[in-house]
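Residues per chain are reported as follows:
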Amino acid sequence: MSRAFVKEDSGERWTPPAAPAQYRIVLPTDHGPEVLRETDDLLTALQRLQAGLEVRDRQGVLIARG
């Protein structure tokens, strides 16, 4: 097997990274937003929204603020 398809550390086959989720629940902080959860379902993101948190899309555009 070519070493291009083997992880150096554990000898496992390479797997592509997961696709980024559409929506993120973030906590705005002084040093930048901290992502708490990612989901592709807007309804789920809005249901988990709490005071002080924000829902942003993949590009970082604000959708809702709790």
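Structure: see above.
The residue count restarts for each chain, going from 1 along the sequence in the order it is written. With the structure being a predicted model, the display of local features is reserved for residues of pLDDT at least 70 and the display and counting of side-chain atom pairs for 80 or more, all residues being used for whole-chain, interface and lining totals. Only hydrogens and water are removed before side-chain values are computed, so all heavy atoms of the structure are retained for them.

K.L.:
Please clarify how the pairing of strand 1 (residues 23-27) should be interpreted in this entry.
P.N.:
Within a regular strand, side chains alternate between the sheet's two faces. As judged from the five bridges shared by strand 1 and strand 2 (residues 34-39), these two strands associate in the antiparallel manner. Bridge pairing in strand 2 links leucine 27 to glutamate 34. Count of turn residues in the strand 1/strand 2 antiparallel hairpin: six residues, of which glycine 32 carries a positive phi of about 120°. Strand pairing requires that DSSP identify at least two bridges connecting the strands. Elements are defined by DSSP. Helices are runs of H or I of four residues or more, strands are runs of E of two residues or more, and each kind is numbered from the N terminus.

K.L.:
What is the right way to look at the sheet that holds strand 3 (residues 54-57) in this model?
P.N.:
Picture the strands of a sheet paired through backbone hydrogen bonds; they go either parallel or antiparallel. Taken together, the four strands give an open sheet; going across it, the order is 2-1-3-4, and neighbouring strands pair in antiparallel fashion. Where the open sheet ends on each side, the last strands, each with one partner, are strand 2 and strand 4 (62-65). Geometrically, the sheet is characterised by an average inter-axis angle of 25° between neighbouring strands, direction not taken into account. In terms of strand pairing, strand 1 meets strand 3 through four bridges, oriented antiparallel. Pairing of isoleucine 25 across the sheet is with valine 55, part of strand 3. Fitted lines through C-alpha atoms give the axes, limited to the stretch in contact for helices. The angle between two N-to-C directions lies from 0 to 180 degrees.

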